[in-house]
Amino acid sequence: MSGGSILGLAWRSLMNRKGSALLTLLAVALSVALFLGVDKARNGARAGFDNTISGTDLIVGAPTGQINLLLYSVFRLGNATAEISWPTYQDIAGRSDVAWTIPVSLGDSHRGFRVMGTNAAYFEHYKYGSGTALEIAEGRRFDDIYEAVLGASVARELGYGLGSEIVLTHGLGAGGLTDHDDKPFIVTGVLAPTGTPVDQTIHIPLEGMTAIHVGWETGTKSPLADTITEDMIRSFDLTPKTITAVFLGLERRGTILTTQRALNTRAGEPLLAIIPGVALGELWQVTSVVERALIAVSIFVIAVGLVSVLISILTSLNERRREMSILRATGARPGHIFFLMVAEAGLLGFVGALLGVLIVQAGLFVLGPMLASSYGVKLQGLGLAAIDLWTILAVTAAAIFIGFIPAIMALRRSLADGLTVKL
Amino acid sequence: MTDQPAIEIRDLRFAWDGGSTPLLDIPAFDMGADERLFLRGPSGSGKSTLLGLIAGVLEPQSGSIRVLGEDMSSLSGAKRDRMRADHLGVIFQMFNLVPYLSVVQNVTLPCRFSQARRAAIAAAGGPVEEARRLLARLGLTDEKLLARPVTELSVGQQQRVAVARALIGGPNLLIADEPTSALDADARDRFIELLNEEASQSGAALLFVSHDGALASHFDRSVDLSELNRAGVAA
């Protein structure tokens, strides 16, 4: 008898016990889905984060933790606790080893999206992915105080297009009492989607950032603010007094550590210069403890799923003694009985793992875009990967191995029972 | 092989779990190549154990069993299994069928395990054709009936399916272990006639085992296990 024909018997036998077979498949499938889901979320987040910034050699901000600086300057997560002064920025920008700088000023928001003050250098030098530059999908860059360029998600979700007027909110609220409604901005451009937090950002000139805060120096609107007209504002010096962070590129990448050291130990205003890749590495080190714990837990859950395979086959053995003796009487060798049991376990493992992979793929298909829009980071590499295949193989192999237990029991019984079942 | 006696037992001793008090102690038992033999014995007399020994799923402690000329006790386990798969048809008391297989799949089951049986019926159009032919001869032709799960068939129908399965591929020896105990008197007599007819048509020897001595009249010869077995009725 060929192996395929025994597999056929195993399959029919499982289908004859559909209820318990389905529950067992579900247990295996969910455990595999948990394991793969954790793994994909981890790798997807890493790849997504790693993709967010490239080409920037150093990020400079006020002293804080390097992870913190990275999170608020690049990922718009959290807030800066301190800023750096404009003269210090000019000092950094004037260094001979610095090729370019992008000053950024954060702190305001518009209907939940962060507003970032910056200048033309941002569109020139900010790169993501493997060195892709930002691209304006519609319109043009800002070149007046009250103009704004929107990230792709901002435009899509808020339904804004070229010419839309937007009112900025002080701080990060959803809007309301602290609106800068005295000074609306005109949308002049919309960026192409990038799959990074840039999509979630409203970009305005640094001068615009200063302008909307005229009359707000105390943090709330002063009664005088409304009396200040646009013409008066334009006559002021709108050079910012402080900015949040500076992205910079070097003339030669080889000097990166020297420059970092020079900035960190510089006399005068204290600074923190970080290398984005290194800071990300540190972030992953922090999260890897949790990741490992999650992976360990999910491997144990797979073990539980496999135990349920064992339970379902073991509990079926008693009621199947008759079946075994029929098979023996019609010519099945002990090896056939053994293989039948092992094949059932293997089938449960294989089909269960396959289902688990499908659950994860379907889940990512549905949840992936939601995650991307709520975190601004597009999870990467979520399609079928080698790990999916390896997991199916490993779970099937483990199930086959576990199947040896009921197989040996069924074998012993069928040898002892002979042709008649002693009940 | 058919000119060999179907069964030839000499000085057979068997005890469960290798114990010292034998359940079976049979000095001699012979059955001819195309004989239809009735073996009578009450429950617990070791009938089923004897059938297990003849079918080669059990091994005696001593003595010899020759089935169709092959000495079962000197064959390896695998060869005994091959022997059973190729040359023996077994019908049980009840619950003869594998619940998750269709009627036809149940009948063709031995062909899955035996190359010889597949070869024997290759000329007849293969296992499925042969199974349908056998079922038709046993009065099971209704397509609707054949399509039903085997667990929904009546006991009589199930037993006829079991006969078809025992007969497929032309075995030389049919072993029936109380196959009529779940049938009423009418169905029982018809079943035995059918079995006898099929055995003689296919030229197979038939060993029919039952506790019910009244059935002996249907057979060529009748033997009482208690007369064969020196160990007596222990259980």
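Residues numbered from 1 in each chain as written. Chains lettered and ligands numbered in written order. Predicted model: local features only at pLDDT ≥ 70, side-chain atom pairs only at ≥ 80, totals over all residues. Heavy atoms only, no water.

1. Topic: the overall build of chain A
Here's step 1: Along the backbone of chain A there are 13 helices and 14 strands.
Here's step 2: Restricting the contact set of chain A to residue pairs at least 6 apart, pairs at least 24 apart contribute 79%.
Here's step 3: Carbon and sulfur atoms provide 64% of the accessible area of chain A, an area that totals close to 18600 Å². (Helix = DSSP H or I, 4+ residues; strand = E, 2+ residues; numbered from the N terminus. Contact = heavy atoms within 4.5 Å. Areas by Shrake-Rupley, 256 points an atom, 1.4 Å probe, with all protein chains shown as cover.)

2. Thoughts on the overall build of chain B
Here's step 1: A count of helices and strands for chain B gives 9 helices and 9 strands.
Here's step 2: The C-alpha atoms of chain B give 17 Å as radius of gyration, which agrees with the globular expectation for 235 residues (18 Å, within 12%).
Here's step 3: Oriented by its inertia axes, the alpha-carbon framework of chain B measures out at about 55 × 40 × 30 Å.
Here's step 4: For chain B, buried positions account for 54% of its 235 residues.
Here's step 5: The long-range share in chain B, meaning contacts at least 24 apart out of those at least 6 apart in sequence, stands at 73%.
Here's step 6: Accessible surface computed for chain B: about 9400 Å², of which carbon and sulfur atoms make up 48%.
Here's step 7: Across chain B, the mean location of the 24 positive side-chain charges is 5 Å away from that of the 30 negative side-chain charges. (Rg over C-alpha atoms; globule rule 2.2 N^0.38 Å. Buried < 20%, exposed > 50% of the residue type's maximum accessible area, 1.4 Å probe, protein only. Lys, Arg positive; Asp, Glu negative; His and termini not counted. Charge placed at Lys NZ, Arg CZ, Asp CG, Glu CD.)

3. Notes on the interface of chain B and chain A
Here's step 1: With 29 residues of chain B at the interface, the matching set in chain A holds 26 residues.
Here's step 2: Carbon and sulfur atoms supply 62% of the area buried between chain B and chain A, which totals about 2400 Å² over both sides.
Here's step 3: Of all residues in chain B, Tyr100, Arg112 and Phe113 of chain B bury the most surface against chain A, accounting for 33% of the area lost on that side.
Here's step 4: Residues arginine 328 of chain A and aspartate 81 of chain B are paired through a salt bridge, measuring 3.1 Å at the closest nitrogen-oxygen approach.
Here's step 5: Of all the elements in the fold, those that place two or more residues in the side of chain B that touches chain A are helix H1 (47-55), helix H2 (77-87) and helix H3 (103-113) of chain B.
Here's step 6: By residue class, the composition of the side of chain B that touches chain A is 19 nonpolar, 4 polar and 6 charged. (Buried area = accessible area lost by both parts, 1.4 Å probe. Salt bridge = Lys/Arg side-chain N within 4 Å of Asp/Glu carboxyl O. Nonpolar A, V, L, I, M, F, W, Y, C, P; charged D, E, K, R; others polar.)

4. Thoughts on the pattern of salt bridges
All names here are of chain A.
Here's step 1: As enumerated under the stated definition, the model contains 30 salt bridges over all chains in all.
Here's step 2: Here aspartate 388 ties to lysine 40 by a salt bridge, and the two come within 3.0 Å at their closest N and O atoms. Pair noted here: aspartate 388 is in helix H13 (residues 386-417) and lysine 40 is in helix H2 (residues 18-50), with a separation of 348 residues, a long-range link. For the pair aspartate 388 and lysine 40, a shared accessibility class is recorded, and that class is buried.

5. Describing the sheet that holds strand S8 (residues 205-210) of chain B
All names here are of chain B.
Here's step 1: Taken together, the 5 strands give an open sheet; going across it, the order is S6-S7-S8-S3-S9, and neighbouring strands pair in parallel fashion. Across the chains shown, the open sheet's two edge strands, defined by having one partner strand only, are strand S6 (88-91) and strand S9 (221-224). Neighbour to neighbour, the strand axes of the sheet diverge by 20° on average, direction disregarded.
Here's step 2: Inspection of the sheet shows strand S7 (residues 173-177) paired to S8 by 5 bridges, in the parallel sense. Each bridged residue has a counterpart across the sheet, and for alanine 176 the counterpart in S8 is phenylalanine 208.
Here's step 3: Sheet strands touched by H2: S6 and S7. Its angle to S6, the strand with the most contacts, is close to 80°.
Here's step 4: Contacts from helix H8 (residues 185-202) reach strand S3 (36-40), S6, S7 and S8, with the element oriented near 155° to S8. (Pairing = 2+ DSSP bridges. Axes fitted to C-alpha atoms, helices over the stretch in contact; angles between N-to-C directions.)

6. Description of the nonpolar core
Here's step 1: In terms of nonpolar packing, the biggest core is built from 50 residues, with Leu327 and Leu340 of chain A together with Leu109 of chain B touching the most fellow members.
Here's step 2: Where this core is concerned, the elements lending two or more residues are helix H1 (3-16), H2, helix H10 (276-317), helix H11 (321-329), helix H12 (334-375) and H13 of chain A together with H3 of chain B.
Here's step 3: At 12 residues, the largest contribution of residues to this core is made by H12 of chain A.
Here's step 4: Counting residues in each nonpolar core, the second largest holds 38 residues, with Val104, Ile168, Ile192 and Ala204 of chain B among its members. (Core = buried A, V, L, I, M, F, W, Y, C linked by side-chain atoms within 4.5 Å.)

7. Some details on a nonpolar patch on the surface
Residue and element names in this part refer to chain A.
Here's step 1: Together, Phe365, Val366, Leu367, Met370 and Leu371 make up a nonpolar patch on the protein surface, roughly 530 Å² of accessible area in all.
Here's step 2: Mapped onto the elements, phenylalanine 365 comes out in helix H12.
Here's step 3: Take phenylalanine 365: its relative accessible area is 69%, and that puts it in the exposed class. (Patch = residues over 30% accessible without salt bridge, like charges linked within 9 Å, V, L, I, M, F, W, Y side chains within 5 Å.)

8. Notes on the confidence of the model for chain B
Here's step 1: Taken over all residues, the pLDDT of chain B has a mean of 83, while the share at 70 or more is 97%.
Here's step 2: Model confidence for the complex: the whole-complex pTM is 0.74, and ipTM, which rates the interface, is 0.82. (pLDDT = per-residue confidence, 0-100.)

9. Structural notes on the environment of histidine 211 of chain B
Residue and element names in this part refer to chain B.
Here's step 1: Here histidine 211 lies in the loop between S8 and S9.
Here's step 2: The class of histidine 211 is partly exposed, set by a relative accessible area of 40%.
Here's step 3: Residues histidine 211 and lysine 47, spaced 164 residues apart in sequence, show a C-alpha to C-alpha distance of 9.1 Å.
Here's step 4: With residues near it in sequence (within four places) discarded, histidine 211 still touches Arg40, Gly41, Pro42, Ser43, Lys47 and Glu178.
Here's step 5: Side chain to side chain, histidine 211 and glutamate 178 meet in a polar contact 2.9 Å long. (Polar contact = N/O pair within 3.5 Å; in protein donor to acceptor, adjacent residues only side chain to side chain.)

10. Some points on H3 of chain B
Here's step 1: Counted residue by residue, H3 of chain B has 10 buried out of 11 residues, so it is predominantly covered.
Here's step 2: Along H3 of chain B, the positions that sit buried rather than exposed are Val103, Val104, Asn106, Val107, Thr108, Leu109, Pro110, Cys111, Arg112 and Phe113 of chain B.

11. Side note on the pairing of strand S10 (residues 185-191) of chain A
All names here are of chain A.
Here's step 1: Of all 7 residues in S10, 6 are buried; the element is thus mostly enclosed.
Here's step 2: With 4 bridges connecting them, strand S8 (residues 147-150) and S10 associate as parallel partners. Residue pairing across strands places valine 149 opposite glycine 189, the latter belonging to S10.
Here's step 3: Across 2 bridges, the pairing between strand S9 (residues 165-166) and S10 is antiparallel. Paired with isoleucine 166 across the two strands is phenylalanine 185, which belongs to S10.

12. Focus: the environment of isoleucine 102 of chain A
Residue and element names in this part refer to chain A.
Here's step 1: Following the sequence through the fold, isoleucine 102 ends up in strand S3 (residues 98-110).
Here's step 2: Through-space distance from the C-alpha of isoleucine 102 to that of glutamate 124 is 9.1 Å; in sequence the pair is 22 residues apart.
Here's step 3: Each residue touching isoleucine 102, except ones within four places of it in the same chain, is listed here: Thr118, Ala121, Tyr122, His125, Tyr126, Ala245, Val246 and Phe247.

13. Quick notes on the UniProt feature "transmembrane region" (unreviewed entry) in chain A
All names here are of chain A.
Here's step 1: Here the UniProt feature "transmembrane region" (unreviewed entry) sits at residues 293-317, 338-367 and 387-411.
Here's step 2: Along residues 293-317 the backbone is 100% helical and 0% strand, and the end-to-end C-alpha distance reaches 37 Å.
Here's step 3: Its end C-alpha atoms 43 Å apart, residues 338-367 is made of 100% helix and 0% strand. (UniProt positions renumbered as here; feature names shortened; annotations may be inferred.)

14. What to know about the sheet that holds strand S4 (residues 62-67) of chain B
All names here are of chain B.
Here's step 1: Within the open sheet, the 4 strands sit side by side as S2-S1-S4-S5. Their pairing is antiparallel. What marks the edges here is a single partner per strand, and that holds for strand S2 (24-31) and strand S5 (70-71).
Here's step 2: Across 7 bridges, the pairing between strand S1 (residues 7-14) and S2 is antiparallel. Pairing of isoleucine 9 across the sheet is with phenylalanine 29, part of S2.

15. Regarding unusual backbone geometry
Here's step 1: Unusually for a residue other than glycine, arginine 111 of chain A sits at a positive phi of about 45°.
Here's step 2: Take arginine 111 of chain A: it is sitting in the loop between S3 and strand S4 (113-118).
Here's step 3: Residue glutamate 178 of chain B is not a glycine yet carries a positive backbone phi of 50°.
Here's step 4: Here glutamate 178 of chain B shows up in the loop between S7 and H8.
Here's step 5: Overall, glutamate 178 of chain B belongs to the buried group, its relative accessible area being 6%.

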